[in-house]
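Examining the three-dimensional arrangement
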Amino acid sequence: VQLQASGGGLVQAGASLRLSCVVSGRTFITFAMAWFRQAPGKERQFAAGINWNSEHTTYADFVKGRFTISRDNAKSTVSLQMDSLKPEDTAVYYCAAYRGFVTAIPMDGDYYDFWGPGTQVTVSS
């Protein structure tokens, strides 16, 4: 299984970015998907997750109301729309895949089976 994220970049505070992650090598529908992030010198954080059929989503408190996760099973893609970006959102963002038809999205990265290489998001003030 391979995950490839894209869409990162350098933006000013208040701007938007859309991250995408394409999954190949296994039936995408069997995965719950999530986005994590890690800033320099900080621990990895769960940002958002979505279950296999998009009926359940979970967000970290620090992104609620600003980020939206979605998936397109036909395209094996999960996306993260990030609006109203803040300098503290600066981090490397990773997509991750969890095998299972769950309703509760795991927020602990240790439960995830596959990870992409990450994409840098930098928000300037």
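Cut-off values and rules
- Residues numbered from 1 in each chain as written.
- Predicted model: local features only at pLDDT ≥ 70, side-chain atom pairs only at ≥ 80, totals over all residues.
- Heavy atoms only, no water.
- Helix = DSSP H or I, 4+ residues; strand = E, 2+ residues; numbered from the N terminus.
- Rg over C-alpha atoms; globule rule 2.2 N^0.38 Å.
- Buried < 20%, exposed > 50% of the residue type's maximum accessible area, 1.4 Å probe, protein only.
- Contact = heavy atoms within 4.5 Å.
- Areas by Shrake-Rupley, 256 points an atom, 1.4 Å probe, with all protein chains shown as cover.
- Disulfide = S-S within 2.5 Å.
- Phe/Tyr/Trp six-rings, centres within 6.5 Å; stacked < 30°, edge-to-face > 60°.

1. Observations concerning the overall build of the chain
Helix and strand counts for the chain stand at zero helices and eleven strands. Going from the N terminus to the C terminus, the chain shows its helices and strands as β-β-β-β-β-β-β-β-β-β-β. Taking 125 residues into account, the globule formula puts the C-alpha radius of gyration at 14 Å, and the chain, at 13 Å, falls close to it. Among the 125 residues that make up the chain, the fraction classed as buried is 43%. Once local pairs closer than 6 in sequence are excluded, the contacts in the chain between residues at least 24 apart make up 59%. Accessible area of the chain: about 6200 Å², with a carbon and sulfur share of 47%.

2. Concerning the state of the cysteines
According to the stated counting rule, one finds one disulfide in the structure shown. Two residues share a disulfide in this structure: Cys 21 and Cys 95, whose sulfurs sit 2.0 Å from each other. Judged by the sign of its S-S torsion, about 55°, the bond between Cys 21 and Cys 95 is right-handed. Here Cys 21, found in strand β3 (residues 17-24), pairs with Cys 95, found in strand β9 (residues 91-99); they are 74 residues apart in sequence, far enough to count as distant. On the accessibility criterion, Cys 21 (0% relative accessible area) is buried.

3. Some words on the packing of aromatic side chains
Under the definition given, this model contains seven aromatic pairs. Here Phe 36 and Phe 46 contribute two aromatic rings whose centre-to-centre distance is 5.5 Å and whose plane-to-plane angle is 80°, an arrangement assigned as edge-to-face. Linking Phe 36 in strand β4 (residues 31-38) with Phe 46 in strand β5 (residues 45-50), this pair joins segments that are ten residues apart in sequence. Among the residues examined, Phe 36 registers a relative accessible area of 1% and is labelled buried. Cluster of aromatic residues (ring-pair linked, three or more members): Phe 36, Phe 46, Tyr 98, Tyr 112 and Trp 115.

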